[in-house]
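# Inside the fold
So the chains spell out like this:
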Amino acid sequence: MVRRVLSENAREYVMQYALAIVFLLVVAGSTAFTAWIIRDVVDEIFYRQRQELIAVICGAILAAFVLRGLATYGQAVLLAKIGNNLVARYQRRIYDHLLRLGVDFYNDSRSGQLAAQISQNVGGVRDLLNLTITSITRDAVALVGLVSVMVFQDPQLSLIALLIGPPLIITVYYLMKRLRGVTREAVHINSHLVGAMQETTQGIAIVKAFTMEDQLKAKLATLITDAESRANKIARVSEGTTPIAEILAGFAVAGVIAFAGFRAVESGTPPGSMAAFIAALLFAYDPARRLAKLQIHLERSLVNARMIYEILDMEPKQGDVSGAGELKVGAGEVVFDDVSFSYVADLPVLHSVSFIAKSGSSTAIVGGSGAGKSTLVALLQRFYDLDSGAIRIDGQDISACTKASLRRSIAYVSQHPYLFEGSIRDNIRYGRPDATDAEIEEAARLAYADEFIRQQSEGYDTPVGENGVTLSGGQRQRISIARAIVRNAPILLLDEATSALDNDSELQVQKALETIMRDRTTIVIAHRLSTIIDADHIVVLEDGYLAEQGRHDELIKKKDGVYARFHRLQGARNLEIVDDTGDMLAVQK
Ligand code: ADP
């Protein structure tokens, strides 16, 4: 994993990293120098009392500290800049990738958890690179420098001090092994926890309506306790290095002083080298401790980096076939030819469905809930690939055309009009990015939206979406119709709203729809009786089978037909069309 992150990013940052490494080397060098010069401080200034050297030595110490300060600042800022740039790059990469992934990916992943996972994990990649670079360069180089000072100053003492190395390495190794397992568990529990909390906020209406509070609280309480005890365990294990390192360091320092003391009494060696030695030993303590802990941090960021790559490695399905041509739409006739489809293997939801939506006419798809209406509309946009059969537009198989050209020919008005962060104008312009302001306003007029848009505080520039003004359902629908009008595509897909709007809105939405349907091939998932009656063609689906098709007056005559049954029930149920499972199909005011 480290290698992959490095190979994907190292080239980009090679110069900056090289400069950062130079700074880190300066930091390590000046630290080693500070320890080194202690011998001259003790021997020359205090032991031999050479006054003329005071200025030189103190000047050198001052210079070393100034240099160290500047270099530390330089490397920290540089590494932070690289890190931030890396985060930005991964965010861009992930977002591009998310846009490329098909609808099927979003069906199986929870959006909230996904967003949390991404923002958390991108940091992991940055930490991975920076930890490797800083720890290895700064701490390892500092350690090597300081140990060299120790060995050079006093090989005998070094031998004593370095005796603590092997037991330290063995303990660290043992603790790390335990830690790896615990860390993995903790990351897992935490993502569960975040997911559960997000789920609650997203489904809060259901939570309240079904008074699920106590059950959820109990479920979360277990997770929270689990996460807490995991975090405590991580603290115990990872901090386990500290007392052991301290004790061993105590042995080393005490042993060194004892040995040096005896030696000084016996042979009268000046104390300078011993002082420099102890200074180096103490300076070496910090980098050694950080290196011992490196594995812990690395382990955590590795888990995060891996999750990012799990998403990046997902191949988008429904790619264009090689040599896919542009779809050229003339009249816009849509043909479903023997279409079968299943989301999950062996569970077909559409069985050999065939019908023709003639160019410039409207085709209503009707059927109970779960009959396969939305699936049909999704297939026409190639959100999924067919099991068998073909969908053709003006004689061209859509699976042989580029997805981009297919979707350019289609305008979609959803049942749940979604407005994105931005102004009303931006939201209409998503229909066609190069639309002029005049075209946008014309589309809004045709969609019966111009009037209410102008009444907003900033007119077309009023912000909508999550942080914008609240618009009514009917208003949002008319904006999304304006978006479809601006797109000016030959084929219109319409998912009629099931939820009833107030009379006034309903009428305006209806009129807006009539405008946009004119002269376009329209396929509409119909819920309103008036839409169904006025349609040029009706396709009746039942449990994934095409039950019957024709015009309203033809279908109504088949006494045993599904459609006629709907219609009879409508009378019995007081103007509601109801299918045989009791699902309401439409409300007619
Ligand atoms: P309708 O729009 O007529 O209510 P759908 O096309 O949404 O019906 O659904 C048809 C069938 O496909 C249903 O049985 C539904 O459970 C199933 N289905 C819909 N979407 C998915 C999906 N993403 N994964 C698996 N099954 C699905």
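The following refers to the structure shown. Each chain carries its own residue numbering, running from 1 in the written order of its sequence. Local features in this predicted model are restricted to residues whose pLDDT is 70 or higher, and side-chain atom pairs enter the listing and the counts only when it is 80 or higher, whereas totals over whole chains, interfaces and linings include all residues. Side-chain measures were taken over the full set of non-hydrogen atoms in the model, leaving aside hydrogen atoms and water.

## Points about the side chain of D154
Within the secondary structure, D154 sits in the loop between α4 (111-153) and α5 (155-162). Working rule for contacts: check all heavy atoms of both residues, and any pair within 4.5 Å makes them a contact. Setting aside its immediate chain neighbours within four residues, D154 contacts R263, S273 and F277. A run of H or I in DSSP counts as a helix once it spans at least four residues, and a run of E counts as a strand once it spans at least two, with each numbered from the N terminus.

## Overview of unusual backbone geometry
The phi torsion at R382 lies on the positive side, around 60 degrees, for a residue other than glycine. Here R382 shows up in the loop between α11 (373-380) and β4 (388-393). Note on exposure labels: buried denotes an accessible area under 20% of the residue type's maximum, exposed denotes more than 50%, and partly exposed covers the range between, all computed with a 1.4 Å probe on protein chains only. Given the relative accessible area of 4%, R382 is considered buried. Positive phi is not limited to glycine here, since D543 has a value of about 50 degrees. When you line up the elements, D543 lands in the loop between β11 (537-542) and β12 (545-550).

## Considering the environment of A276
Note on placement: A276 falls in helix α10 (residues 272-312). Residue A276 is classed as buried on the basis of its relative accessible area of 0%. Here the alpha-carbon distance between A276 and M150, two residues 126 residues apart in the chain, equals 7.7 Å. Dropping the residues within four chain positions of it, A276 is found in contact with A35, W36, I38, R39 and Q153.

## Thoughts on the site of the ligand
Taken together, N107, Y343, V349, G368, S369, G370, A371, G372, K373, S374 and T375 form the complete shell of residues around the ligand. At 3.2 Å from an oxygen atom of the ligand is found a main-chain nitrogen or oxygen belonging to A371. For this analysis, a polar contact is any N or O atom pair within 3.5 Å, provided that within protein one partner can donate a hydrogen and the other can accept it, and provided that sequence-adjacent residues contribute only side-chain to side-chain pairs. Taking S374, its side chain carries an N or O atom lying 2.4 Å from an oxygen atom of the ligand. Only the protein chains shown count as cover for residues, with accessible areas throughout obtained via the Shrake-Rupley method and a probe of 1.4 Å. When the ligand sits alone it has 550 Å² of accessible area, and the protein chains cover 61% of it. Proximity criterion: a residue is near a molecule or strand once any of its heavy atoms comes within 4 Å of it.

## A look at a nonpolar patch on the surface
On the surface, L62, V66 and L70 cluster together into a nonpolar patch covering about 310 Å² of accessible area. Of note, V66 is situated in helix α2 (residues 52-100). Classification of V66 as partly exposed rests on a relative accessible area of 46%. Here a patch means residues that are over 30% exposed by relative accessible area and free of salt bridges, tied together within 9 Å if like-charged and within 5 Å if nonpolar (Val, Leu, Ile, Met, Phe, Trp, Tyr). Salt bridges are defined by distance alone: a side-chain nitrogen of Lys or Arg within 4 Å of a carboxyl oxygen of Asp or Glu.

## Structural notes on the pattern of salt bridges
The full count for this structure, using the stated rule, is 27 salt bridges. Notably, a salt bridge pairs R290 with D139, separated by 2.9 Å at the nearest N-O pair. Residue R290 is located in helix α10, and its partner D139 is located in helix α4; the two are separated by 151 residues in the primary sequence. Judged by its relative accessible area of 35%, R290 is partly exposed. Note on D139: relative accessible area 1%, which makes it buried. Linking E441 and R425 is a salt bridge whose minimum nitrogen-to-oxygen distance equals 3.4 Å. Of this pair, E441 sits in helix α14 (residues 437-446) while R425 sits in helix α13 (residues 424-429), placing them 16 residues apart in sequence. Exposure remark for R425: the relative accessible area of 12% places this residue in the buried category.

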